[in-house]
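Chain by chain, the residues:
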Amino acid sequence: MKRVLALLLIISTCLAAQVIDHEIRIGLHEDGSAYVEQEYFLRLDSGEGKEFEALVKDGASFPDLGAYGISKVITYETTDENVVMELTQSDFGVVVLQYTVPEVVEAVEKVGKQELTGITENAFTFFDGSTISLPYDPPTTLKIGMPITLRLAREVTPPAYSTAPGLDASGQKVTYYEWNYKKPFTSGKFRVLYEKEIPLQSQLSLRSITSEIREKYGNPVYMIAGLILLAMVVWYRKEIGILLSESFMGEPVLEEEFSE
């Protein structure tokens, strides 16, 4: 009897809704925003097929799909959310989440007048705070399209499984970097960075200048104090010269003693 129950449990598990493929496509834009499409391929049983078909007809929102194991993988704020659903004749379901991320990149490092900016591990829900792992269950493919107008800074980390030219959803020419379940990764960081020129206004800001002084000369307090002292010496150089002359002129005995 226990064997029969165990077998029924296995069968019911196999027949339950199951994500058998998941592809994430991120189209990066020059302004730091991105358009994301997540395509899920589901195996459904007959009962779930009817429920799924009802969602297709009535329309579904992102929260409605949580029961199928479907959710956004981007941690940042999203807008323009849309769901596209389709039920095939073989009781397979296709779900595509579409949304815009107004700010998907972050600044990582400053090199001269350039800033290394891009997508990091912080953008993804599968980053646990210390490591990022590309999901293997369900099999997941991650594609990031970088516009050819942006200049890649350093090599992507971890190394991409493949790289190819293509067009993103808006039709712009991009270079696709792909990672997939054929070679899943676990890493301490994820980096797809490009060089971004720092605006002149930002370069001349007090914060930027202070930061640059700190990087080159250490604590800016000592540097600023030294500059103030130098400026005072230059400004009052005549008065200081007269004061020093008068001080030494009052010591004629020293010269006489030295000459003797």
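What you see is a predicted model, and the numbers here were worked out from it, not measured in a lab.

**Comments concerning the pairing of strand β6 (residues 114-120)**
Thinking step 1. β6 sits mainly inside the fold: 5 of its 7 residues count as buried.
Thinking step 2. Sheet topology note: the strand β5 (residues 106-111)/β6 ladder contains 5 bridges and is antiparallel. In the sheet register, Lys110 faces β6, and the bridge partner there is Glu115.
Thinking step 3. Where β5 folds back onto β6 in an antiparallel hairpin, the turn is made up of 2 residues, including Gly112, whose phi is positive at roughly 65 degrees.
Thinking step 4. Both β6 and strand β12 (residues 191-197) contribute to a ladder of 7 bridges, which runs antiparallel. The residue bridging Gly118 from the neighbouring strand is Leu193, located in β12.

**Considering the packing of aromatic side chains**
Thinking step 1. One pass over the full model with this rule turns up 7 aromatic pairs.
Thinking step 2. Ring pairing ties together the aromatic residues Phe124, Phe126, Trp179, Phe185 and Phe190, which thus form one cluster.

**Remarks on a nonpolar patch on the surface**
Thinking step 1. Taken together, Ile224, Ile228, Met232, Trp235 and Tyr236 make up a surface patch of nonpolar side chains, about 580 Å² in accessible area.
Thinking step 2. Locating Ile228 in the fold gives a position in helix α5 (residues 220-235).

**Thoughts on unusual backbone geometry**
Thinking step 1. Omega for the bond connecting Asp137 with Pro138 falls within 30 degrees of zero, at 5 degrees, which places this linkage in the cis form.
Thinking step 2. In this fold, Pro138 is placed in the loop between β7 (132-133) and β8 (140-147).
Thinking step 3. Cis geometry marks the peptide bond from Thr157 to Pro158, where omega comes out at -5 degrees.
Thinking step 4. Relative to the helices and strands, Pro158 is located in the loop between β8 and β9 (162-167).
Thinking step 5. A positive phi angle, close to 50 degrees, is found at Asp80, a residue other than glycine.
Thinking step 6. Unlike most non-glycine residues, Arg154 shows phi in positive territory, near 70 degrees.
Thinking step 7. Take Arg154: it is sitting in the loop between β8 and β9.

**Structural notes on the pairing of strand β4 (residues 92-101)**
If a strand is regular, its side chains alternate between the two faces of the sheet.
Thinking step 1. Counting buried residues in β4 gives 9 out of 10 residues, a clear majority hidden from the surface.
Thinking step 2. Bridging between strand β2 (residues 34-43) and β4 involves 10 bridges; their strand directions are antiparallel. From the neighbouring strand, Val36 faces β4, where its bridge partner is Tyr99.
Thinking step 3. The pairing of strand β3 (residues 79-87) with β4 spans 7 bridges and is classified as antiparallel. Bridging from a neighbouring strand, Thr79 pairs with Thr100 of β4.
Thinking step 4. Turn length for the β3-β4 hairpin, with the two strands adjacent in sequence and antiparallel, is 4 residues, and the turn residue Asp91 shows positive phi of about 60 degrees.

**Side note on the confidence of the model for the protein**
Thinking step 1. Taken over all residues, the pLDDT of the protein has a mean of 80, while the share at 70 or more is 73%.
Thinking step 2. A low-confidence stretch, residues 200-209 (pLDDT under 50), is modelled with 7 contacts involving residues beyond four sequence positions or located in other chains.
Thinking step 3. Confidence drops under a pLDDT of 50 for residues 253-260, and excluding neighbours within four residues, the segment shows 0 contacts in the predicted structure.

**Remarks on the sheet that holds β8**
Thinking step 1. Spatially, the 7 strands line up as an open sheet ordered β3-β4-β2-β1-β8-β10-β9, and their pairing is mixed. Either end of the sheet is taken by a strand with one partner, and the two such strands are β3 and β9. The sheet shows a mean angle of 20 degrees between the axes of neighbouring strands, direction not considered.
Thinking step 2. Where β8 and strand β10 (residues 173-179) come together, 6 bridges link them in antiparallel fashion. Along β10, the bridge assignment pairs Pro147 with Val174.
Thinking step 3. Contacting β2, β3 and β4, helix α2 (residues 46-58) runs over the sheet at an angle of about 135 degrees to β3.

Procedures and definitions
Residues numbered from 1 in each chain as written. Predicted model: local features only at pLDDT ≥ 70, side-chain atom pairs only at ≥ 80, totals over all residues. Heavy atoms only, no water. Buried < 20%, exposed > 50% of the residue type's maximum accessible area, 1.4 Å probe, protein only. Helix = DSSP H or I, 4+ residues; strand = E, 2+ residues; numbered from the N terminus. Pairing = 2+ DSSP bridges. Phe/Tyr/Trp six-rings, centres within 6.5 Å; stacked < 30°, edge-to-face > 60°. Patch = residues over 30% accessible without salt bridge, like charges linked within 9 Å, V, L, I, M, F, W, Y side chains within 5 Å. Areas by Shrake-Rupley, 256 points an atom, 1.4 Å probe, with all protein chains shown as cover. Salt bridge = Lys/Arg side-chain N within 4 Å of Asp/Glu carboxyl O. pLDDT = per-residue confidence, 0-100. Contact = heavy atoms within 4.5 Å. Axes fitted to C-alpha atoms, helices over the stretch in contact; angles between N-to-C directions.

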